[in-house]
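Each chain, written out:
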Amino acid sequence: MTAPMLGTTLYSFTNEWVIGRYTLTGLLEEVAASGIGPGVEVVGFQSFRGYPHLDRETVREFRDAVDRLGLVPTSLGSNIDIAIRTDRDLTTDERVEYTVPQLEVAAELGFPVVRVQIGADPATLERLVPVAERLGLHLGMEIHAPEGPATPKVLRYLELYDRLDSEALGFIPDFSSTMHRITDGLAETFVDAGLPRDLLDDLQRIWAGDGSQGSRLSEFLTLASDAGVDDAAAQTVAAAFTMNGHEDPAGWAELMPRVRHIHAKFYEIDAEGEEPSIDYAANLGPLVRAGFRGSISSEWEAHSWTPNDELATADMIRRHHDLMRRTLTEGE
């Protein structure tokens, strides 16, 4: 049985990229030297100057580098800034026009999957299908918190996929959707912003409860107000309800065989080698048992609260790969 291919999204190295620690080729070399490939995922607007309109030399340099290093392009992250105008959202025609060059350059760079987001609404996706089919690409709709494998927006896309019946359409599960607790690092940012530490247990309890994202947030804000917490400090917890979702991970299996790639989100690896806020057996297990044999990107997303002098991203990802290999072996 062929195991899924592990790899890394360069997005995990956001802080190192922003402070200029790496060039793109240097970052690819770090991935290869650290043993956190062979899969490599890239966010187009982050990693390529002038994206999506790249010259031939830039394309050649990237393809030569991944070939030389034994890396495998897995997914190119596209974006649609639907609010790029100040007066209105982009029309469907404009969204299509904005996205087509991103699909074309993905094919030139050698990526088989293009990550798309909710900005690629059903009408836009339907228009993009013939382009993706012509280019031999899979469009992977990212399912990210607060959405989940069975939330209404995702089910709307599933209905579209069933109607169009195109191999070009699929999903990219992101494990931010299916966590079992708010990550500790994010919770600490709330305390730093003025939230009393003794309210963190209440925050975890309400976050894990029933009801919509908005209703649970409202419940906590009421509790904080009753406790005399400053409104600005209390409002910072909204990030927990958008970044950390608690949908049922068993639902991932229901999306097979339309899963094209996986974002294996993680924030920390503890002394036991586990991710404290994400149950990897519960997330990877259903997908692998349902037949997933594609590519998986480690996606570390604790950079927003990690000081630059404490960055050890490659080492964190190595430990995360160890967790995934162990989980995949135990799930066989």
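Residues numbered from 1 in each chain as written. Predicted model: local features only at pLDDT ≥ 70, side-chain atom pairs only at ≥ 80, totals over all residues. Heavy atoms only, no water.

Let us now look at the packing of aromatic side chains. Here the structure, examined in full by the defined rule, presents 9 aromatic pairs. Seen from their ring centres, F48 and F62 are 5.6 Å apart, and the 75 degrees between their planes marks the pair as edge-to-face. Of the two residues, F48 sits in the loop between α3 (44-47) and α4 (56-69) while F62 sits in helix α4, which places them 14 residues apart along the sequence. Note on F48: relative accessible area 5%, which makes it buried. A residue is classified by how much of its surface remains accessible, and F62, at 2% relative accessible area, is buried. Ring centres of F62 and F111 lie 5.5 Å apart, and the angle between their planes is 25 degrees; on these two criteria the pair is classed as stacked. (Phe/Tyr/Trp six-rings, centres within 6.5 Å; stacked < 30°, edge-to-face > 60°. Helix = DSSP H or I, 4+ residues; strand = E, 2+ residues; numbered from the N terminus. Buried < 20%, exposed > 50% of the residue type's maximum accessible area, 1.4 Å probe, protein only.)

This part covers unusual backbone geometry. The amide bond that connects G37 to the next residue, P38, takes the cis arrangement and shows omega of 5 degrees. Relative to the helices and strands, P38 resides in the loop between α2 (24-33) and β2 (39-43). Looking along the chain, the bond that leaves Y51 and enters P52 is cis, with omega of 5 degrees. With respect to the helices and strands, the residue P52 is situated in the loop between α3 and α4. The backbone of D165 sits at a positive phi, close to 50 degrees, despite the residue not being glycine. The topology assignment puts D165 in the loop between α7 (152-164) and β6 (169-173). The class of D165 is exposed, set by a relative accessible area of 63%.

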